[in-house]
Amino acid sequence: MKYNHKSVEQKWQKIWEDKGVFHALEDSEKEKFYALIEFPYPSGQGLHVGHPRPYTALDTVARKRRLQGYNVLYPIGWDAFGLPTENYAIKNHIHPEIVTKKNIDRFKKQIQSLGISFDWSREINTTDPDYYKWTQWIFIQLFKHGLAYKKEMNVNWCTSCKCVLANEEVVNGVCERCGSEVVHKVKSQWMLKITEYADRLINDLDLVNYPDRVKAQQKNWIGRSTGAEVDFSTTTGDTLTIYTTRADTLYGATYMVISPEHPLIEKWADKLTNIDEIREYQAAAARKSDFERTEVAKDKTGVKLDGVRAINPVNNKEIPIFISDYVLVSYGTGAIMAVPAHDTRDWEFAKKFDLPIIEVVKGGNVQEEAFTDCATGIMTNSGMLDGLSVDEAKKKIIDWLTKEGKGHSKVNYKLRDWVFSRQRYWGEPIPIVHCDKCGYVPIDESELPLKLPMVESYEPTDNGESPLAKMTDWIETTCPHCGGKAHRETDTMPQWAGSSWYYLRYMDPHNDKALASKEALEYWAPVDWYNGGMEHTTLHLLYSRFWHKFLYDIGVVPTPEPYAKRTSHGMILGENGEKMSKSRGNVVNPDDIVDEYGADTMRLYEMFIGDFEKAAPWSQASIRGCRRFIERFWNLQTILIDGDKIRPELESAMNKAIKKVGDDIENIKFNTAIATLMALINDISNLKSINREELRIFAILLNPFAPHVTEEVYEICSLGDGILAEAEWPKYDESKCVDDSVEIVVQVNGKIKAKLNISVDAQKDEILSLAKSDENVRKAIDGMNIIKEIVVPKKLVNLVVKP
RNA sequence: GCCGGUGUGGUGGAAUAGGCAGACACAAGGGACUUAAAAUCCCUCGGACUAAUACUCCGUACCGGUUCAAGUCCGGUCACCGGCACCA
């Protein structure tokens, strides 16, 4: 009896669709379970085998939860704004809307062939005006609350995309998307004040169940540090404020460094005798691209400011001031006190410019290298701080500075505000107009959505303006505030906008009064389980937590965090162990696998391939093992016998399997869950028979992984009215998970000498005497003194002997 | 440099809370069935020493430690992967 996956899979997919069995229920009394995968970007390349890994994983969880009686929401949609589509549209002279539709159709067909239990009635699309209406609405709320502002600033500019990038989108000095060079440009940009939420984005990580590596990465990115701001007076009478985390080393400051962009330089220009040299250094620093700036192991460079000196507030000593690009204008105050004895960068600089190095913390040899250990050092050469530990000294000096009005404690973050404008066509228009009289004014909410106008050309402009800037008809409008002449914002939102709140829309996707109804939000929020890639940890995941917290603050959503639990899948690599990509020629298309082996085999293999959280190379050969397993399951029909109870010979194995498979699915150990089922089918094959109850349970356990073939067998063998229709996830009996007898290992001095089958409830003495009576053991202990006897019930015996 | 992670057979990978290393698969080799092949079924499968599936020894990146017992815990080293990177 050959298993025909094509007809069986088509049959069940049609039944599921016709009956709408995966539609989440409104107004249900049942407990809810909201599972979420990161919605895909519908690229022109179609799906590759990496996409279904997370989809299948949460599908397995979702299907199991349905069998456990939950009202499950497992939705999908399309994150469809973005550059590749736009670039394709430009090249082929097709409107991006048409390209998007074509790509979505293809993705949808491919995903549907896998039999994932998505609720397609809630499908969303970020480029749909009915959807981006609410993206724009959120932006307006951000604006009204002062969290969106426009600012002239130095931005990252991708030379190939011709578009600004957020800090998060610059990787190793190049564009995250296309790998092209990123340069600095001064432009007026829309910004979102994510920094206002920095503390809560760190602290509230305690409220959620994320993997430690995700939490660590987010904390790292936000980069909170606690230190102090200290005011140094200068010989010009100006105050130079610096930020430091080592206020304790204030007596060791032998010079100051300010960034090349520091505003005091302009102020001091006529007092500086070497201003030409300084200007030259400033210009050189400005010319550097991000790539050059981030290059490692650079030599320290800088120029001394001749004509101005700073005064150390603790001892009134005059010290020189330098400019150097190792001090960043965008962090702290853009100025530092340099303590070469206790900071490696300052040490390098001091050695190069031959500046004094004064030890103020004992414990190292500061002439050889900077001593940066805070834990063990004792203060010295530090007046009032002498003899204190570093921690004590920090506290004392900050108290002193505060009292004297010369400084105060201060928290700083590496996180910067989010650069939110893009000079491209295929994104949400920013719903703001500029009026000469009223400034920036949001359009009236009743005017939403502000639709993208049809344009002739989506080509980005070389002068750095959005393609929309050429649309004079569209740009010219009236001010919603005063009715006077105004013009529209021509930049669009970044791709991250639509994905920052999409999980809310799934809860109530067709609502035209609100982004989702209060009732839907109350019932479904938060997302119970969100799986996604590690690459989104400091981008999408952080952005969406920020937006959610804002929506929480203005009373739109009922929970402080969007996602209760986060898991992360590893990448599926090509057969050669490298990342799958078109250029490497190692891309595997899931369509071919589904066609040849079926969706169930494909799903099973994706889950069996290895630890879900780790990367795993694809192996065409290994798939066959999964197909064999499906066929062995299918062929259980041929050895089916009557019986409505698990037979004693399978009782322990089946109870253990129910327990193990259930636990493993919850703990994302899908590979061992499947291994357990494979081992169970081996046991069953050895018995050469399976009864109806055993087959029924086996089919239900396998169903979340291989939903088609299990339903088919369930139906053919008349095991019930259908797994989805009526089956419940089986329960196990803990008392039946143990065998009557267990194998006990007998060791002598830690070496295995025998294995004994002993009744589980055998007592210590009994086990010992049985162990000692084994012939091999007797030989090993003969003529020796037993000095220790270790008995671990149900596990082992270890006899420690000496001659 | 800092933060996080990983290192186990020919391969992918197993091994609650320190207790039989290699589950479950793939590949390989041998056999059965077959005119033949495919499919299926059975056997072998870390290494050394062996006639042996008998003994014994070695073996979880490397060095050392704790323990009756270490892939697992501790200290150190190396390699690789991911993130951050002159953040004061």
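Structure shown above.
Definitions and cut-offs
Residues numbered from 1 in each chain as written. Chains lettered and ligands numbered in written order. Predicted model: local features only at pLDDT ≥ 70, side-chain atom pairs only at ≥ 80, totals over all residues. Heavy atoms only, no water. Phe/Tyr/Trp six-rings, centres within 6.5 Å; stacked < 30°, edge-to-face > 60°. Helix = DSSP H or I, 4+ residues; strand = E, 2+ residues; numbered from the N terminus. Buried < 20%, exposed > 50% of the residue type's maximum accessible area, 1.4 Å probe, protein only. Salt bridge = Lys/Arg side-chain N within 4 Å of Asp/Glu carboxyl O. Pairing = 2+ DSSP bridges.

Q: Honestly, the packing of aromatic side chains in this entry has me stumped. Any pointers?
A: Aromatic ring pairs: the centre-centre distance and the angle between the two ring planes describe each pair. As enumerated under the stated definition, the model contains 41 aromatic pairs in all. Between Phe-81 and Trp-426, the aromatic rings sit 4.9 Å apart at their centres with planes inclined by 75°, giving edge-to-face as the arrangement. One end of the pair, Phe-81, is in the loop between β3 (77–78) and α3 (83–92); the other, Trp-426, is in the loop between β19 (418–419) and β20 (432–435), with 345 residues separating them in the sequence. For the pair shown, Phe-81 and Trp-426 are each scored as buried. Ring plane angle 65° and centroid distance 5.0 Å describe the contact between Tyr-503 and Tyr-563, whose orientation is recorded as edge-to-face. With Tyr-503 in helix α15 (residues 502–505) and Tyr-563 in the loop between α17 (540–553) and β25 (566–568), this residue pair connects regions lying 60 residues apart in the sequence.

Q: How should the pattern of salt bridges be read in this particular structure?
A: Pairing is possible between side chains that carry opposite charge, provided their charged atoms lie close to one another. A full pass over the atoms with the stated rule returns 44 salt bridges. Between Glu-318 and Arg-309 there is a salt bridge; the shortest N-O distance is 3.2 Å. Of the residues examined, Glu-318 reaches a relative accessible area of 43% and is grouped as partly exposed. We note a salt bridge from Asp-611 to Lys-669, for which the minimum N-O separation is 4.0 Å. Of this pair, Asp-611 sits in the loop between α19 (599–608) and β27 (616–617) while Lys-669 sits in the loop between α21 (648–666) and α22 (670–687), placing them 58 residues apart in sequence. Since its relative accessible area comes to 32%, Lys-669 is described here as partly exposed. A cluster of three or more residues bridged by salt bridges with shared partners is formed by Asp-204, Arg-545, Lys-549 and Glu-561.

Q: Would you take a moment to explain the pairing of strand β10 (residues 225–234) for this structure?
A: When a strand is regular, its side chains alternate between the sheet's two faces. The buried fraction of β10 amounts to seven of the 10 residues, a majority that puts the element mostly inside the structure. In the sheet, β10 pairs with strand β18 (residues 407–412) via six bridges, with the strands oriented antiparallel. Considered in β18, the bridge of Thr-226 is made with Val-411. When β10 meets strand β11 (residues 239–244), the two strands line up antiparallel, connected through six bridges. What sits directly across from Glu-229, in β11, is Tyr-243. Between β10 and β11, which pair antiparallel in sequence order, lie four residues; one of them, Gly-237, sits at a positive phi of approximately 95°. By the bridge criterion, two bridges tie β10 to strand β13 (residues 303–311) in an arrangement that is antiparallel.

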